[in-house]
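Descriptive structure summary
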Amino acid sequence: MLPPFSTSTLLLFSRRLLNYPTFKLKYQPNVKEASVLMPLCIVDDKPSVLFTVRNMNMRTHRGEISFPGGKQDPTDESLEGTALRETFEEIGYPPQSIDLLGRYSAVPNKTGSLRVHPFVGFIKDKEIDLTRFNPDEVSRVFTLPVEYLIDRKNREIKQFRNSSIKYPVFKVPNDIQEGEKEIWGLTSFILDGVFRKIIPKHYP
């Protein structure tokens, strides 16, 4: 059975995230830095992960399921700060509401123009408000239980872009009406990698 997101479990996650893998992936010479936050939370007493659906009117990535994040700003003190700032701007959770647990390996965007640094955080709020988001960037916020995401029936293994790396694409339940019906690309790659680090016995 999956452990609850107790203080001791979150500390264990932090220790496991200290030893993350590195990947030899291609970047452009003028690569920019960016950060995302994979938000863990508790919904209906279930360990869960929060996702956003990108605004349907955006020029790129519209309707894609993603984690809060974006490019590093010159005023950001760190890459962690970028992830927290973007999370607040997109879904309204301030840094004091989030316990940063650690980070995962940096990965490129599709063109290699961005080096995306994933961070893992736990939203401490007892009630997760799915109506609190910036409509200019986000069309919807939703959560999925970790138990759903780790179920083999809900994921399919595919090749990651043109690399030799294989990764899962996660199915989205039918009741999530807006946006795409799969969690794929960077979001899925990060989700899979983090699960392999923090809950290895529960994620075959």
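Our structure's up above, just so we're on the same page.
Report on the accompanying structure. All of these numbers come straight from a predicted model, not from anything done at the bench. By convention here, each chain's residues receive numbers from 1 onward along its written sequence. Restriction of local features to residues with pLDDT of at least 70 applies here, the model being predicted, together with a cutoff of 80 or more for giving and counting side-chain atom pairs; totals for whole chains, interfaces and linings are based on all residues. Excluded from the side-chain calculations are hydrogens and water; all other atoms, namely the structure's heavy atoms, are used.

**Some words on the pattern of salt bridges**
- Put simply, a salt bridge is a Lys or Arg side-chain nitrogen that is within 4 Å of an Asp or Glu carboxyl oxygen. The final tally for this structure, using the stated rule, is eleven salt bridges.
- For the salt bridge of Glu90 with Arg54, the shortest nitrogen-to-oxygen distance reads 3.1 Å. Of the two residues, Glu90 is situated in helix α2 (residues 79-91) and Arg54 in strand β2 (residues 46-54); the sequence distance between them amounts to 36 residues.
- By relative accessible area, Arg54 is classed as buried at 11%.
- As a salt-bridge pair, Glu89 and Arg85 come within 3.2 Å of each other at their nearest N and O atoms. Where helices and strands are cited, they refer to DSSP runs of H or I of at least four residues and of E of at least two residues respectively, numbered from the N terminus. With a 1.4 Å probe rolled over the protein chains alone, any residue whose accessible area is under 20% of its type maximum counts as buried; one over 50% counts as exposed, and the rest are partly exposed.

**Details of unusual backbone geometry**
- One non-glycine residue, Asp44, lies in positive phi territory at about 55 degrees.
- Relative to the helices and strands, Asp44 resides in the loop between β1 (32-43) and β2.
- Judged by relative accessible area, which is 67%, Asp44 ranks as exposed.
- For Asp45, which is not a glycine, the phi torsion comes out positive at approximately 65 degrees.
- Relative to the elements of secondary structure, Asp45 occurs in the loop between β1 and β2.
- Accessibility expressed as a relative area gives 77% for Asp45, which makes it exposed.

**Description of the sheet that holds strand β10 (residues 166-171)**
- Criterion used throughout: strands pair if DSSP finds at least two bridges between them. Strand order in this open sheet of three strands is β9-β10-β11, and the pairing throughout is antiparallel. Strands at the two margins of the open sheet, each flanked by one partner only, are β9 (155-159) and β11 (182-183).
- Here a residue-residue contact requires only that any non-hydrogen atoms of the pair lie within 4.5 Å. Note on geometry: axes are C-alpha line fits, over the in-contact stretch for helices, and angles between N-to-C directions span 0 to 180 degrees. Against the sheet, helix α4 (residues 185-198) makes contact with β10 and β11, and its axis sits at roughly 105 degrees relative to β10, the strand it touches most.

**Quick look at the pairing of β1**
- Judged from the nine bridges that link them, β1 and strand β7 (residues 114-123) form a sheet pairing that is parallel. For Val36, the partnering residue across the bridge sits in β7 and is Pro118.
- The pairing of β1 with strand β4 (residues 69-71) spans three bridges and is antiparallel. Across the sheet, Ser35 pairs through a bridge with Gly70, a residue of β4.
- With four bridges connecting them, β1 and β2 associate as antiparallel partners. Bridging from a neighbouring strand, Val43 pairs with Lys46 of β2.
- Here β1 folds back onto β2 in antiparallel fashion, the turn holding two residues, of which Asp44 has a positive phi close to 55 degrees.

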